[in-house]
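Now for the letters of each chain:
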Amino acid sequence: MEISNQFDTQGYIVIKKLFDQHEIKEITLIVDYIYQQWLKKNHDALIADRLINMHSLTDPIYFKDNDRKRIDFFEIVTHKKLTDLIESIFGKEIYFHNTQLFFNPYSKETLPYWHRDLQYSSIEDKIQAKEQSNIFTLHIRIPLVAEKGVELIPGTHKRWDSKLEKNVRFELNGHNNSEELPGAILIELEPRDVLIFNAQMIHKGNYKLNQVRKALDICVGKKHSFTSDYLNANVLPKNNEIKLISNNQWYKLARDIASGNLLEL
């Protein structure tokens, strides 16, 4: 099945070996540099709050002593082979929204949970359902170690919940949000692979099958108030940085979207 048709039908695609080993090593080095800083400040929260990810890896707080490294990371995030692929499938007007790093929770008792990304926003579920076809948000997952780390329910990017799915997502009528759902598939990835999926489809992590999990997610989308209103301008290149990034179109559009919220970027 052609990848664009597969995404339209199922809500996800896997691209095998998009990156080479050197590129994955380069990504891993800078992600580890950021994660170790975050971990020093958030170790207690990692345990107490049962955290499974961190976000905003491009925040300047992680690059206080190395401005050039931040530019390098922006370059990695918008690697031309990745942006060309995304735009060949989904067209232009893609903007960079944020980054996340996914890892296993500290406690093995922590369970993954089915959700749609906007589920935890202030937007009512019934309003999200009405706007589903107009919202375009993607997770671009780059695994830095092999993983069976994501479960998806194909097709839920184009329809809203069944009765069972709603009960599970919201833990209604005796259900819990970690229980099995019919039609779910487990995605298996190797370093160099890329998983692209619609962030509003029903999905969850998988922790038990992965002794270690380390996956960089690049979050992008097309402008819509439900998502772009949450854009944090602090994760975007500043005026003196944007011109140093060779492939900067995703950032330029993001800065345009965020410009109403800041006096200066």
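Chains are numbered independently. Their residues run from 1 in the order of the written sequence. The model is predicted, so local features are restricted to residues of pLDDT at least 70 and side-chain atom pairs to those at 80 or more, both for listing and for counting; the totals for chains, interfaces and linings are taken over all residues. Side-chain metrics rest on all non-hydrogen atoms present in the structure, leaving aside hydrogens and water.

Student: Explanation requested: the overall build of the protein in the structure shown.
Tutor: Looking only at helices and strands, the protein has nine helices and nine strands in total. With C-alpha atoms as the basis for the radius of gyration, the globule rule is written as 2.2 Å multiplied by the number of residues raised to the power 0.38. At 18 Å, the protein has a C-alpha radius of gyration in line with the 18 Å of a compact globule built from 265 residues. Seen through its C-alpha atoms, the protein measures out along the principal axes to roughly 55 × 40 × 35 Å. Burial classification: accessible surface area is computed with a 1.4 Å probe over protein chains only, and a residue below 20% of its type maximum counts as buried, one above 50% as exposed, and the rest as partly exposed. Taken over 265 residues, the protein has a buried fraction of 52%. Partitioning the intrachain contacts of the protein with sequence separation of at least 6 by distance along the chain shows that 84% fall at a separation of at least 24. The protein chains shown are the only cover counted for residues, whose accessible areas, like all others here, come from Shrake-Rupley with a 1.4 Å probe. Carbon and sulfur atoms make up 49% of the accessible area of the protein, which amounts to about 13200 Å² in all. By the counting rule applied here, Lys and Arg register as positive and Asp and Glu as negative, while His and the ends of each chain are not counted. To locate a charge, take NZ of a lysine, CZ of an arginine, CG of an aspartate or CD of a glutamate. Between the averaged position of the 35 positive side-chain charges in the protein and that of its 36 negative side-chain charges there is a distance of 0 Å. Only runs of H or I of at least four residues qualify as helices and only runs of E of at least two qualify as strands under DSSP, and these elements are numbered from the N terminus. Residue contacts are defined here by distance: any two heavy atoms, one from each residue, within 4.5 Å place the two residues in contact.

Student: Even after reading the chapter, I still don't get the layout of surface pockets, so can you show me in this structure?
Tutor: Where empty space is left in the structure can be found by rolling a water-sized probe over the atoms. We place a 1 Å grid over just the protein atoms. Points where a 1.4 Å probe fits but has no way out form a cavity, open points with protein on both sides within 12 Å along at least 5 of 7 lines form a pocket, and any residue with an atom within 4 Å of a point lines it. Grid points are joined across faces, edges and corners, and a volume is the space filled by probe spheres set on the points. Estimated volume of the largest pocket: approximately 1000 Å³. Elements supplying a minimum of two residues to the lining of the largest pocket: strand 2 (53-55), strand 3 (95-103), strand 4 (137-143), strand 5 (147-152), strand 8 (203-205), strand 9 (214-221) and helix 7 (225-228). Here the lining of the largest pocket gets five residues from one element, more than from any other, and that element is strand 3. Polarity classes work like this: nonpolar for Ala, Val, Leu, Ile, Met, Phe, Trp, Tyr, Cys and Pro, charged for Asp, Glu, Lys and Arg, and polar for all others, with Gly in that last group. Of the residues that constitute the lining of the largest pocket, the class distribution is 20 nonpolar, 17 polar and six charged. In this structure, the second largest pocket occupies an estimated 430 Å³ of space. Of all the secondary structure elements, the ones that give two or more residues to the lining of the second largest pocket are helix 2 (21-48) and strand 3. Looking at side-chain class alone, the lining of the second largest pocket contains eight nonpolar, five polar and five charged residues.

Student: Is there a simple way to think about the sheet that holds strand 8 in this case?
Tutor: As a general point, the strands of a sheet are linked pairwise by backbone hydrogen bonds and lie either parallel or antiparallel. Read from one edge of the open sheet, three strands run 6-5-8, paired in antiparallel fashion. Of all strands in the sheet, those with a lone pairing partner are strand 6 (185-189) and strand 8, marking the two edges. Direction aside, the axes of adjacent strands within the sheet are offset by 30° on average. Paired strands are those between which DSSP finds at least two bridges. By the bridge criterion, four bridges tie strand 5 to strand 6 in an arrangement that is antiparallel. In the sheet register, Val150 faces strand 6, and the bridge partner there is Ile187. For helices, the axis comes from a line fit to the C-alpha atoms of the stretch in contact; other axes are also lines fit to C-alpha atoms, and the angle between any two N-to-C directions lies between 0 and 180 degrees.

Student: How should the pairing of strand 3 be read in this particular structure?
Tutor: Look at any regular strand and the pattern is simple: side chains alternate between the two faces of the sheet. Of all nine residues in strand 3, nine are buried, a share of seventy percent or more. Here strand 2 runs beside strand 3; their pairing, made up of three bridges, is antiparallel. In the sheet register, Met54 faces strand 3, and the bridge partner there is Leu101.

Student: What exactly am I supposed to notice about the packing of helix 2 against helix 3 (residues 67-77) here?
Tutor: In helix packing, the relevant descriptors are the interaxial angle and the interaxial distance, both defined with respect to the helix axes. It is at 11 Å that the axes of helix 2 and helix 3 come closest, and there the two elements cross at 130°. The orientation of helix 2 relative to helix 3 falls into the category oblique. Our pair here, helix 2 against helix 3, has a crossing hand that is left-handed. Contacts between helix 2 and helix 3 involve Glu26, Ile27, Ile30, Val31, Tyr33 and Ile34 from the first element and Lys69, Phe73 and Ile76 from the second. Class assignment for the residues of the contact of helix 2 with helix 3 results in seven nonpolar, no polar and two charged. Roughly parallel covers angles under 35 degrees, roughly antiparallel covers those over 145, roughly perpendicular covers 65 to 115, and oblique covers all other angles. By convention the crossing between two helices is left-handed if the near helix lies anticlockwise of the far one by an angle smaller than a right angle, and right-handed if it lies clockwise.

These figures come from the coordinates and say nothing about function on their own.
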